[in-house]
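# Analysis of the macromolecular model
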Amino acid sequence: MDLEIHKIKEIHPGVFWMLLDWPTSKLLHLLLSDKYQYVWCHNHLVGNYTWDKFTLPLFGGSTTYNVISRTVTFDFILPTGEFRSILPQLRAGIHVVQVDRLPPDYFDLDKVKGKERYRLLNECDWLFEFDVPGNDYGQIASPRKEWLESILHSDKIDLKNLP
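Residues numbered from 1 in each chain as written. Predicted model: local features only at pLDDT ≥ 70, side-chain atom pairs only at ≥ 80, totals over all residues. Heavy atoms only, no water.

## Thoughts on the side chain of H42
Worth spelling out the cut-off: In this description a helix means any DSSP run of H or I spanning at least four residues, a strand means any run of E spanning at least two, and both kinds are numbered starting from the N terminus. Accessible area is worked out with a 1.4 Å probe on protein chains only. A residue is then buried under 20% of its type maximum, exposed over 50%, and partly exposed in between. Two N or O atoms count as a polar contact when they lie within 3.5 Å, although within protein this holds only if one can serve as hydrogen donor and the other as acceptor, and sequence-adjacent residues are included solely when both atoms are side-chain atoms. Should any heavy atoms of two residues lie within 4.5 Å, those residues are counted as being in contact.
By the element assignment, H42 lies in strand β3 (residues 38-46). According to the relative accessible area criterion, H42 is buried, its value standing at 3%. At 3.0 Å, the side chain of H42 and the side chain of D75 are in polar contact. When neighbours within four sequence positions are excluded, H42 is seen to be in contact with F74, D75, H95, D108, L109 and D110.

Right, dumping it as structure tokens:
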């Protein structure tokens, strides 16, 4: 299979996508826009598959419990500026969506696909979705083709030598 990297394709009406070769989460520093309020980090994974101590809210709310767990997976949303400050501490693999409005509670990126996914992302006024497993290829999608084109032609972002 011949994968075309760094080529913009329309994957859904009004949604543009590009495959990236060996991207890292460090690329997000260059992609994040301060014009958008939030970053939604999807399926954030904490832990390394060995039993370790965590303090977790097991039942919702603010009450936490000291537990031992192998991994903890969750979504979180932060204002863009706060997300920028924690980005250096995040693992290589990351899946984020930059939005200007909070997503509805029922919007699960693992379950909502196709037309409904992009309708809900549009309601959130999304700029991009960036999914990088931490190895090989990653992908970026956006409703703004011109924004993706600006990444391809930017002097600040060299896609052949990603940070």
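## Topic: the environment of N122
Tracing the backbone shows N122 in helix α3 (residues 114-123). We classify N122 as partly exposed; its relative accessible area is 47%. Counting along the chain gives 20 residues from N122 to S142, while the straight-line C-alpha distance between them is 10 Å. In contact with N122, not counting residues within four places along its chain, are R101 and P143.

## Points about the pairing of strand β2 (residues 15-21)
Inclusion rule: A pair of strands is labelled paired if DSSP reports no fewer than 2 bridges between them.
For β2, the tally of buried residues reaches six of seven residues, placing the bulk of the element in the interior. Here strand β1 (residues 9-12) folds back onto β2, and the loop between the two strands holds two residues, one of which, G14, carries a positive phi near 80 degrees. Sheet analysis places β2 next to strand β9 (residues 137-142), joined by six bridges and oriented antiparallel. Across the sheet, F16 pairs through a bridge with S142, a residue of β9.

## Considerations on helix α4 (residues 145-152)
For an α-helix, the turn length of 3.6 residues means that residues three or four places apart are oriented alike. To be explicit about the condition: Our arc is simply the arc of the directions from the helix axis toward the C-beta atoms.
For α4, the set of buried residues is W147, L148 and I151. Buried residues of α4, viewed axially, fall in a sector of 100 degrees; they line one side. Looking at the buried residues of α4, the elements they touch are β2, α1 (27-31), β8 (126-132) and β9.

## Things to note about the nonpolar core
What counts here: Here, nonpolar core means buried Ala, Val, Leu, Ile, Met, Phe, Trp, Tyr and Cys residues that are tied together by side-chain atoms lying within 4.5 Å of each other.
Ranked by internal contacts, the top residues of the largest apolar core, which has 26 residues, are F83, F128, F130 and I140. Here the element with the most residues in this core is β8; it accounts for four residues. Contacts of F83, omitting those with residues within four sequence positions, involve L28, L32, V39, C41, F76, L78, L90, I94 and V96. Membership of the second largest hydrophobic core comes to 16 residues, among which are V15, V97, V112 and W126.

## Thoughts on α3
Among all positions in α3, only R117, Y118, L120 and L121 are buried. Summarising the axial view, the buried residues of α3 lie within an arc of 160 degrees, below the 170-degree limit, and thus occupy one face. Tucked into the core, α3 has its buried residues touching β1, β2, β7 (94-99) and β8. Two residues or fewer after α3 comes D125, characterised by a positive phi angle close to 50 degrees.

## Considerations on the state of the cysteines
For clarity, the threshold we go by: A pair of cysteine sulfur atoms is labelled a disulfide when the two atoms are within 2.5 Å.
Considering all chains together, one arrives at zero disulfides under this definition. Note on C41: no disulfide assigned, nearest cysteine sulfur contributed by C124 at a separation of 15 Å. Residue class for C124 comes out buried when judged on its relative accessible area of 0%.

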